[in-house]
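# Report on the structure
Here is what each chain is made of, one letter per residue.
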Amino acid sequence: MSENEHHVVPVKLYMLIGGTLLFFTWVTYAVSKIDLGPLNTIVALCIATFKATLVVLIFMHVKYTSEKLTKAVIISAIFFLGLLLTLSLADFGTRNWL
Amino acid sequence: MATAVMPEQRTNFLNAEHGVKSWLLTTDHKRIALLYMVSVTFFFFIGGVYALLIRLELLTPAGDLVQADTYNRLFSGHGIVMVFFFLIPVVPAILGNFLVPIMIGAKDLAFPRINLLSWYLYIIAGIMVIHVLLTGGVDTGWTFYTPYSTTFASPKVVETGLAVFINGFSSIFTGLNFIVTIHRMRAPGMTWSRLPLFIWANYATSLIMVLGTPVIAITLVLLVLERVFHLGIFDPRLGGDPLLFQHLFWFYSHPAVYIMILPSMGVISELVSCFSRKRIFGFQFVALSSVAIAVLGFLVWAHHMFVAGMSVYAALIFSFLTFFIGVPSAIKVFNWTATMYRGSVTYETPMLYAFGFIGLFTIGGLTGLFLATLGIDIHVTDTYFVVAHFHYVMVGGVVMGYLGGLHFWWPKITGRMYPEGMGKLAALIGFIGFNLTFFPQFILGYVGMPRRYYQYPPEFQMLNVLSTAGATILGVGYLFPLVYLIWSLKYGEVASDNPWNAAGLEWKTTSPPPTFNFHEDPVVDFEAYNYDELKEIPVER
Amino acid sequence: MSDSHASAVVSAGAHAGVQDQAHRELRHHFVDMQQQANTASLGMWLFLVTEVMFFGGMFCAYLIYRLMYFKDFAAASQSIAVGWGAANTAVLLVSSFTMAMAVRCAQLGKQKLLVIFLLFTMLFGATFLGVKAKEYYDKYEEHHVPGMNFSFDGKLLGHPEYVVNQRHAEMFFSIYFAMTGMHALHMIIGLGLMAYLIIASMRGKFDTGYYTPVENIGLYWHFVDVVWIYLFPLLYLISRTKG
């Protein structure tokens, strides 16, 4: 990507992100031991998404690119994966209605 | 403007290098396109032989030519070869590979070595499939439905699944190459709104290839893992749901049919504008309708599963969504028609194929709406009505588009003209043969003849005989171009750089083009389809 | 949707690395190194899209069956060692850090450090695979491998009366092995790519004007990490409480 070529991320930021990722891994593990019912899954996935976002934005330099296409590509991937999951669910989730 | 210089005497991509290695290790997108042309044509005729055997069996109501099991292998082989080894690659890997860089003013595709890899993956997959066919074939249908494919079907399913998996990557890499090329390598001045509609079509197709193909890839991997390592993801004994396989399978295989049709639609846009001497009516609409079809195509897959045991509510949703996909396709048909209105229409061979496409695709597409309607679908699903529907769009659509494009760009690719009289005759024979083959099948399906059956009630025989007769004529309609196109390589009239006085960058370079496509780097300062600035089609080509 | 790089014909001096056009790594069909780098990058991102959809099919299978057989899946999930899973997650995250540092070194032309960070990335990746191998072996010993004398005798936490459906538990493990196996395969490929990068770096192939493979293989590595970030909670943490 055009800007990636020249934008060098400071070491401290990488270390901060790395540390944050490790911390939230521990949080995920710790929270799983508390009974929150259905919230357990939601919390775990939210943390996972937060971690994934950090990896994509900072480690994969998406935050620093001026290329809108990169972001369009990522969003498309998520969108179409979402289609696969939700429309399949439209079948399996409604089988027992009637 | 006929030139007296024989194409072989000028240096072009065909004679720049000699020897088998220069072809098998080429990274020139034009040579790779020709490698594909030979191999794809080969598989087309194999699929055609299977079709012939099917139609021979169906001449009589009794199952007397082959056994039931064999018949299952025949339609499976026909489907697998035609779908994966012909229809998916035919326009993108041949015409697309050849034309995409030239039409946008680039020297090659973004990743030439990956392009070559695509072809090798296709060949490896093809060899595997030929091996399977020669050693008994599979009888699961090209759809590989579980649990049959994961339990009792022949172990050849594993090799076939792997072959299709490998072929899938051929497709993925082609699509990836096209998307990157179109984004990154357009010549100066070639804005998105100046891109030929063939490029827009291949771009939309490539989106589908990249997004959809991986899903069938993983599905087949899971099928293979189940057969070989007993990881029972589709196994009903473990609580596996056969419909999960069908959802994953059709998530790709429905958009796959748009991979097949979109590039042909792109061809039609080029043909209609050239042979009406007019800019395509509603350029932006046609361009965006390609992208719309690509996106909408991902929303409708379960219309293949209406009677499979899916939730009725899901069926309603998918039926509703399926109706929408007719809209962008209809937009294209209206715009092509509007282009011809008050245009100077002439009837050269490519245009004959374009007319054939428009008529036959319209019929095929409309019958798709019948199938989208839940009530009707319950009656005609898994009958010859469906078979007729998809052959109208696949053969009447995709193949006609391909043949029209092949004739249109033949002089550019080879430097030779095909014999026009033969071209027209073959188009006509094909058109008659096609309709005689498949129109009776609409009726057969409606009155209840199931598909994939090798015998049928005697009252259906007349229509089946008509269909087989048509298939024979259609076969002639395909053999004919094979012969005269090869003939033209040596004896055809030498073509000029722009025998059609057509618009587009590809016509601004020599026929055939030099290895790096252009003698000078092109700069684009004109709109697409600037036929108002171009003269009539010359008599001397 | 204008694309500025498509219309850049000559951009000498406009970017750092005046030797853009003359760089020994410039391929003939590109105008300059900038175009080549942007092209390669877009290519890798699109490849990652295909990987998202590829793994996505398995996530779909997982989602459906987890909803259908929740209790059995929960019981099966509880029988895999969450400690090792969490540790492995940490290992992979650290390897992403070292990979990002490697790319940074490549950007700055620091060849020795680049090699060191690549080696560490490889080391952490190999560690991940080693732990995975141990986990697989444990499952084998417990007869939790589908098709290999599968027999599940675990219980659902907090519900001792619930009889876990053997077949649904086997389904969980089918998905577990398919997903983690596919992930591990991608890690192995990643290790191969690391080895290539290390050798190429040591041969001086990369400089401040050209480090595209480092960057793009880095993208691949981070993607494999992201897949695991989701696999960990979905496979190991379906339910870890008595609820």
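Residues numbered from 1 in each chain as written. Chains lettered and ligands numbered in written order. Predicted model: local features only at pLDDT ≥ 70, side-chain atom pairs only at ≥ 80, totals over all residues.

## Looking at the overall build of chain A
Put simply, the rule reads: Helix numbering and strand numbering both begin at the N terminus, where a helix is a DSSP run of H or I of at least 4 residues and a strand a DSSP run of E of at least 2. When we talk radius of gyration, it's over C-alpha atoms, and the globule rule is simply 2.2 Å times the number of residues to the 0.38. With C-beta atoms placed from the backbone, a residue counts as buried when 20 or more other C-beta atoms lie within 10 Å of its own, as exposed when 12 or fewer do, and as partly exposed for counts between those limits.
Each helix and strand in chain A was counted, giving three helices and zero strands. Reading the secondary structure of chain A in the N-to-C direction produces α-α-α. Relative to the globule expectation of 13 Å for 98 residues, the C-alpha radius of gyration of chain A, 18 Å, shows a markedly less compact shape. The principal-axis extent of the C-alpha atoms belonging to chain A is close to 60 × 35 × 10 Å. Residues counted as buried form 30% of the 98 residues belonging to chain A.

## Here's the deal with the nonpolar core
Applicable threshold: Linking buried Ala, Val, Leu, Ile, Met, Phe, Trp, Tyr and Cys residues through C-beta atoms within 7 Å yields a set, and such a set is a nonpolar core. Here the bounds of each domain stem from an automatic or database domain assignment. For the purpose of contact definition, each residue receives a C-beta atom placed from its backbone, and two residues are in contact when these atoms lie within 7 Å.
Counting residues in each nonpolar core, the largest one holds 285 residues, and the members touching the most others are Ile104 of chain B together with Ala102 and Ile175 of chain C. Broken down by element, this core gets its largest block of residues, 23 residues, from helix α3 (residues 68–104) of chain B. Here this core gathers at least three residues from each of two domains, domain 1 (1–65) and domain 2 (67–98) of chain A. Residues in contact with Ile104 of chain B, not counting those within four places in the same chain, are Ile182, Met185, Arg186, Ala187, Met190, Leu195 and Ile199 of chain B.

## Comments concerning the domain arrangement of chain A
Entries for chain A in the domain assignment read domain 1 (1–65) and domain 2 (67–98). For domain 1 of chain A versus domain 2 of chain A, the separation of C-alpha centres amounts to 22 Å.

## Describing the interface of chain C and chain B
As a measure of interface size, the accessible area lost when the parts come together is often cited. Filter applied, for reference: Three residue categories are used. Nonpolar comprises Ala, Val, Leu, Ile, Met, Phe, Trp, Tyr, Cys and Pro, charged comprises Asp, Glu, Lys and Arg, and polar comprises the others, including Gly.
Taken together, the contacts link 37 residues of chain C with 37 residues of chain B. Those elements that place two or more of their residues in the side of chain C that touches chain B are α1 (4–7), α2 (33–68) and α6 (166–202) of chain C. For the side of chain C that touches chain B, the element with the highest residue contribution is α2 of chain C, accounting for 17 residues. Taken together, the residues of the side of chain C that touches chain B sort by class into 19 nonpolar, 15 polar and three charged.

## Quick look at the interface of chain C and chain A
Counting residues at the interface gives 44 residues for chain C and 40 residues for chain A. Taken together, the elements giving at least two residues each to the side of chain C that touches chain A come down to α2, α4 (82–107) and α7 (212–236) of chain C. Among the elements that take part in the side of chain C that touches chain A, α2 of chain C stands out by supplying 16 residues, more than any other. Among the residues forming the side of chain C that touches chain A, the class breakdown is 28 nonpolar, 11 polar and five charged.

## A short note on the environment of Ala302 of chain B
Tracing the backbone shows Ala302 of chain B in the loop between α8 (283–296) and α9 (312–324). Residue classification places Ala302 of chain B among the buried residues on the basis of 27 C-beta atoms within 10 Å. Excluding residues that lie within four positions of it along the chain, Ala302 of chain B makes contacts with Asp91 of chain A together with His247, Trp250, Met310, Ala314 and Phe318 of chain B.

## Here's the deal with the packing of α8 of chain B against helix α10 (residues 326–340) of chain B
Residues and elements named next belong to chain B. Short version of the rule: For every element, the axis is a line fit to its C-alpha atoms; helices are fit only across the contacting stretch, and the angle between N-to-C directions ranges from 0 to 180 degrees. If an angle is under 35 degrees, it is roughly parallel; if it is over 145, roughly antiparallel; if it lies from 65 to 115, roughly perpendicular; otherwise it is oblique. In this scheme the crossing of two helices becomes right-handed for a clockwise turn of the near helix relative to the far one and left-handed for an anticlockwise turn of less than a right angle.
Between α8 and α10, the least distance of the axes is 8 Å, while the angle of their chain directions is 155 degrees. Taken together, the axes of α8 and α10 are roughly antiparallel relative to one another. Between α8 and α10 lies a crossing of left-handed hand. Across the interface between the two elements, Phe285, Val286, Ser289, Ala292, Ile293 and Leu296 of α8 pack against Pro328, Ser329, Ile331, Lys332 and Asn335 of α10.

## A word on helix α13 (residues 384–414) of chain B
Residues and elements named next belong to chain B. Where we set the bar: Two axes are fitted around each residue, one to the seven residues ending there and one to the seven starting there, and the angle between them is reported as the bend at that residue.
Remark: the principal bend of α13, roughly 45 degrees, maps to Phe408, with a proline, Pro411, within the next four residues. When you tally the buried positions in α13, you get 30 out of 31 residues, the bulk of the element. A positive backbone phi angle near 80 degrees is found at Gly415, which sits one or two residues after α13.

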